Amino acid sequence: MPIQGQIIGYARTSTTDQKAGLEAQKRDLSAAGCTKVFHEELSAVATKRPELDRALDYLREGDTLVVAKPDRLARSTADLLQIATTLDTKGVTLRILSMNVDTSTPTGKLMLTMLGGIAEFERDLMLERQREGIAKAKADGKYKGRAPTARAKTDSVIRLKAEGLTGDAIASQLGIGRASVFRILRDAR
């Protein structure tokens, strides 16, 4: 007879600006019966996801990990399948609410593999459309990119250097990077 364990949730948003998304995930995880929810606010491409690591370490045989969507858990299909394998090795099942997938069944395991591939495909299409939109906006002169912050302080950098301040002191005083200070000074020669 299988061990009945805890239901643990994991929620993630890409930026701190997505508080509503994080709250919605936490609400959904609570409604799904999660007794503990690990959450973090960082990009999936971040090399370290400390709360995910804590959640994976916390889980024990018989537990269930619940996430709202597959892209909240994994970077790619390969990453999703690797996490699912890690969970399976520990005797932990995975539930993905948005897809109604539960890896405690053979059908759930099959669906996870198929749906993970579809989710990655959809994300790739979205990123392609985004790149095309940016290229079109640039061609139309409507997209300028991020305004340079350090270059706007060129006069101040040169003035402070003339007053005898070091590059580190200038960077600290103006709130810009040390490399930016030296780049401005090099270009001013």
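Residues numbered from 1 in each chain as written. Predicted model: local features only at pLDDT ≥ 70, side-chain atom pairs only at ≥ 80, totals over all residues. Heavy atoms only, no water.

**Considering the confidence of the model for the chain**
We count it as follows: For every residue, the pLDDT score states the predictor's confidence, bounded by 0 at the bottom and 100 at the top. Starting at the N terminus, helices and strands are each numbered in turn, a helix being any DSSP run of H or I of at least four residues and a strand any DSSP run of E of at least two.
Per-residue pLDDT for the chain averages 87, and the proportion of residues at 70 or more is 94%. Looking over the chain, one finds the lowest element-wise mean pLDDT in helix H5 (residues 106–139), namely 85, and the highest in strand S3 (residues 64–67), namely 97.

**A closer look at the side chain of Asp79**
Let me state the cut-off plainly: For each residue, the accessible area found with a 1.4 Å probe, counting protein chains only, is set against the maximum for its type, and the residue is called buried under 20%, exposed over 50%, and partly exposed in between. Any two residues having at least one pair of non-hydrogen atoms within 4.5 Å are treated as being in contact.
Structurally, Asp79 is set in helix H4 (residues 77–90). Residue class for Asp79 comes out buried when judged on its relative accessible area of 12%. With residues near it in sequence (within four places) discarded, Asp79 still touches Arg49, Leu73 and Ala74.

**Looking at a negative patch on the surface**
Rules: Residues form patches when they are more than 30% accessible in relative terms and have no salt bridge. Like charges link within 9 Å. Nonpolar side chains (Val, Leu, Ile, Met, Phe, Trp, Tyr) link within 5 Å. Every accessible area reported is derived by Shrake-Rupley at a probe size of 1.4 Å, with residue values counting cover from the shown protein chains alone. A side-chain nitrogen of Lys or Arg and a carboxyl oxygen of Asp or Glu constitute a salt bridge if their distance falls within 4 Å. Under this rule, positive means Lys or Arg and negative means Asp or Glu; His and the chain ends count for nothing. A single reference atom marks each charge: NZ on Lys, CZ on Arg, CG on Asp, CD on Glu.
A cluster of acidic side chains, namely Glu120, Asp124, Glu128 and Glu132, defines a negative patch on the protein surface. Relative to the assigned elements, Glu128 resides in helix H5. You can call Glu128 partly exposed: its relative accessible area is 38%.

**So, the sheet that holds strand S5 (residues 101–102)**
Whenever strands of a sheet pair, they do so through backbone hydrogen bonds, lying parallel or antiparallel. As a reminder of what qualifies: Only strands joined by at least two bridges in the DSSP assignment are considered to pair.
Read from one edge to the other, the open sheet built from five strands follows the order S2-S1-S3-S4-S5, with strand pairing classed as mixed. Since the sheet does not close on itself, it has two edges, and those belong to strand S2 (36–41) and S5, each with one partner. In the sheet, S3 pairs with strand S4 (residues 93–96) via four bridges, with the strands oriented parallel. Opposite Val67, over in S4, you have Ile96 as the bridge partner.

**Considering the environment of Arg129**
The residue Arg129 is located in helix H5 in this model. Residue class for Arg129 comes out exposed when judged on its relative accessible area of 52%.

**Some remarks on the nonpolar core**
Quick note on the threshold: By convention a nonpolar core is built from buried Ala, Val, Leu, Ile, Met, Phe, Trp, Tyr and Cys residues, the set being connected through side-chain atoms within 4.5 Å.
Formed by 21 residues in total, the largest nonpolar core has its most connected members in Leu65, Leu73, Leu87 and Leu94. Listing elements by their share of this core, those giving two or more residues are strand S1 (7–13), helix H2 (50–58), S3, H4, S4 and H5. For this core, the element with the highest residue contribution is H4, accounting for four residues. If you look at the next biggest cluster of nonpolar residues, it comprises 10 residues, including Ala150, Val157, Ile170 and Ala171.

**A closer look at the layout of surface pockets**
Rolling a probe over the atoms, with the probe sized like a water molecule, indicates the empty space that remains. How we decide: Points on a 1 Å grid over protein atoms alone make up a cavity when a 1.4 Å probe fits among them but cannot get out, and a pocket when they form an open set with protein on both sides within 12 Å along at least five of seven lines; lining residues each have an atom within 4 Å of a point. Grid points are joined across faces, edges and corners, and a volume is the space filled by probe spheres set on the points.
Estimated volume of the second largest pocket: approximately 220 Å³. Together, Thr13, Gln18, Gly21, Ala24, Gln25, Asp28, Ala68, Lys69, Asp71 and Arg72 line the second largest pocket. Contributions of two or more residues to the lining of the second largest pocket are made by helix H1 (19–31) and helix H3 (70–73). When residues of the lining of the second largest pocket are assigned to their parent elements, the largest contribution, four residues, is made by H1.

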